[in-house]
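Remarks on the overall topology
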Amino acid sequence: MKAAYRADDIEVLSGLDPVRRRPGMFTDTARPNYLAHEVIDNSVDEALAKHCGRIGVTLHEDGSLAVEDDGRGMPVDTHEETGLSGLELILTRLHAGAKFSRKQYRYSGGLHGVGVSVVNALSSRLEVRVRREGREWRMEFAGGETRRALEAAGKVAKGNTGTWLRFWPDAKYFSNASFHAPSLRRVLRAKALLCPGLKVSLAVEAEGLNEEWQYQDGLGAYLEEQMSPAERLPEEPLRFSRLDGELRALDCVVQWSSDGVKRIEESYVNLVPTPRHGTHVNGLRSGLTEGLREFCEFHKLLPRDVKIAPADVWDGVNFVLSVKLAEPQFTGQMKESLASRDCAAFTADAVKSGMALWLNQHSDVGERIARQVIAAAQRRIKASRKVARRAPVAGPALPGKLADCISAVPEDSEIFLVEGDSAGGSARQARRREHQAVLPLRGKILNTWEVDSADVGSSQEVHDIAAALGVEAGDADLSALRYHKVCILADADSDGRHIATLICALFARHFPELVRQGHVHVVMPPLYRLDIGKETRYALTEDERDAILRRAGGRKVSVTRFKGLGEMSAKQLRETAMAPDTRRLVRLEMDQAEEAFPVLDMLLSKKRAADRRAWLEDKGDLAAN
């Protein structure tokens, strides 16, 4: 008998319960780094409002993180409507904050009023101290609930103001409850670079590390650090700036790399990183394209039948773009991409005007940039003609070993690039035929890092990948993309990671638009199966295996180490790697270019064998899965 559906069945979640029930809607549950960003961004907003000159972050050995600033301090007086102190309201109520209007903050990254309350909801413990009005105030929470009420703890010197907040992430909400210190370091350094005069520090107790950054004008130097002098075009970055009253501001540096490899692509809105970019980066791309087109046409540099496309200009562009908007619109709570439509036109106009002025003042260097862009256009045209000759009517034929899905809707379709025919057979049995396609790959694919995009199709495996996706190497137009989720599925051992790295390098180097738009993922299959009575658990790493063993509580556990994907049954492969509800995917993102591209170049370039050897000797003992 079916249960009746009545009004009593409707739940009304209050307080922080929505966050605890569905944490993935409010934050990234892979690691707690995003919680740190929420707290740091509150301090940065104080800096943007000219009330804060120093932000200090400490990563403690017990896994907690503390952020301290010398801003005005969170309000501690009573909120008239709720009867709560301002501090308690900020930390325990969703959609409560001073950033919905522009009375207190001209520009702000925290616009939804849920940031630091999410931190409290997903922490086993949180402590806060506020210095303002000559007093220090303290309050403590446990699991989002008040453990120690707000109280005045003592006096402080007049003018000594600020906030100190320390929290312990609750492990049950995260795949890995430890902070990723390198990512934290990169974000903090960027905050200092983007906010001139702001002093930012990071202390990592476990490593005895203490670093501090302060820049008066560091964007250009920051960009130049990522490339050697021989790679930079022009030698000094182009700088674009514009201020539009109190509504918006732009600051941007741009530099081409002579080898066409992108090493840094970073965008920010109100100092908040936007790893999936958005309308501000679209505007940058349009502005650069229009500026170069006009320069080439005016100086008659274009060969016959060559027309510059945005992808040609974008080839090898390195940039740091920072915009400040009074009312930014983001896609999603995690603010990974900007959706404000008017920002595209604002950015494009500022960049186009700046490009036109700079190119006419530096025509010799401008012609060098133009020649590089024209060469990229010619490679693109040559590659498209190759495709046309191979399939003059309907485009390239689909690979014979592709097990395609039934759905013809790209947004609902996934393709798994699977290591080996054996694993490919298991994946075909494990997949959902309606939405999941499988393309087996034979062993290690070609190292394509130093191969021109126009020539990578000579490799059968790369040709099959491009044909299956419907996108040619080097093509920025994804209108023909057949699957909106591309999943790299390789063994969990070192050989599998090597193969996954080669495929990741292929996409980063020759299909960057796929990566930028968030289509490429790496599947994280388990290395171990643990049978605890009738219950089966899977572990990705030895640390996860050991944690499960500790929680087994003395019960008998049978541990199996998988030799490869082909050894898994279709049911096991479905559960651990292919079923959306239970698999683990890591999205490949271009925001890691600052570290990833130089490392990939060092690992994969034939000419850098000596650098590889030195790197392995220095870093080989630090390898982690």
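Computed from a predicted model, the values in this text were never measured in an experiment. (Residues numbered from 1 in each chain as written. Predicted model: local features only at pLDDT ≥ 70, side-chain atom pairs only at ≥ 80, totals over all residues. Heavy atoms only, no water.)

Looking now at the environment of Ala-552. Within the secondary structure layout, Ala-552 lies in the loop between α15 (542–551) and β20 (557–561). Each C-alpha atom, one on Ala-552 and one on Gly-533, is 10.0 Å from the other, the two residues being 19 residues apart in sequence. Beyond its immediate sequence surroundings of up to four residues, Ala-552 is in contact with Ile-532 and Val-557. (Helix = DSSP H or I, 4+ residues; strand = E, 2+ residues; numbered from the N terminus. Contact = heavy atoms within 4.5 Å.)

A separate point is the pairing of strand β7 (residues 199–204). Sheet analysis places strand β1 (residues 54–59) next to β7, joined by six bridges and oriented parallel. In the sheet register, Gly-56 faces β7, and the bridge partner there is Ser-201. Across five bridges, the pairing between β7 and strand β8 (residues 209–213) is antiparallel. Across the sheet, Ser-201 pairs through a bridge with Glu-212, a residue of β8. Between β7 and β8, which pair antiparallel and follow one another directly, the connecting turn spans four residues, one of which, Gly-208, has a positive phi of 65°. (Pairing = 2+ DSSP bridges.)

Running from amino to carboxyl end, helix α2 (residues 33–48) crosses helix α5 (residues 181–194) at an angle of 15°, the nearest separation of the two axes being 11 Å. Considering their axes alone, α2 and α5 lie roughly parallel with respect to each other. The two elements α2 and α5 cross, and the hand of that crossing is right-handed. In contact with Asn-33, Ala-36, His-37, Ile-40, Asp-41 and Val-44 of α2, α5 contributes Ser-183, Leu-184, Val-187, Leu-188 and Lys-191. Here the residues of the contact of α2 with α5 are counted per class, giving six nonpolar, three polar and two charged. (Axes fitted to C-alpha atoms, helices over the stretch in contact; angles between N-to-C directions. Parallel < 35°, antiparallel > 145°, perpendicular 65-115°, else oblique. Left-handed = near helix turned anticlockwise from the far one by under 90°. Nonpolar A, V, L, I, M, F, W, Y, C, P; charged D, E, K, R; others polar.)

Before going further, it helps to examine the packing of aromatic side chains. In this structure the tally under the stated criterion is four aromatic pairs. Look at Phe-167 and Phe-179: their rings are 5.8 Å apart centre to centre, the planes differ by 75°, and that puts the pair in the edge-to-face class. With Phe-167 in strand β6 (residues 162–169) and Phe-179 in the loop between β6 and α5, this residue pair connects regions lying 12 residues apart in the sequence. Just as Phe-167 is buried, Phe-179 falls in that class too. Summarising the aromatic geometry, the rings of Trp-314 and Phe-319 are spaced 5.3 Å apart at their centres and angled 35° between planes, so their arrangement reads as tilted. Accessibility classification places Trp-314 together with Phe-319 in one group, the buried group. Sitting above the plane of the Trp-164 ring, Arg-129 keeps its charged end 4.1 Å from the centroid. Here the guanidinium or amino end of Arg-135 rests over the ring plane of Trp-137, the centre of that ring lying 5.6 Å away. (Phe/Tyr/Trp six-rings, centres within 6.5 Å; stacked < 30°, edge-to-face > 60°. Buried < 20%, exposed > 50% of the residue type's maximum accessible area, 1.4 Å probe, protein only. Lys NZ or Arg CZ within 6 Å of the ring centre and 35° of its normal.)

Once that is clear, we can look at unusual backbone geometry. Most peptide bonds take the trans configuration, and most residues that are not glycine carry a negative phi. With an omega dihedral of -5°, the bond running from Leu-233 to Pro-234 counts as a cis peptide bond. For Pro-234, the location among the structural elements is in strand β9 (residues 232–244). For Glu-133, which is not glycine, the phi torsion reads 55° and is therefore positive. The topology assignment puts Glu-133 in the loop between β3 (123–132) and β4 (135–142). The phi dihedral of Lys-300 falls on the positive side, at around 55°, and the residue is not glycine. Here Lys-300 is to be found in the loop between α7 (279–298) and α8 (310–314).

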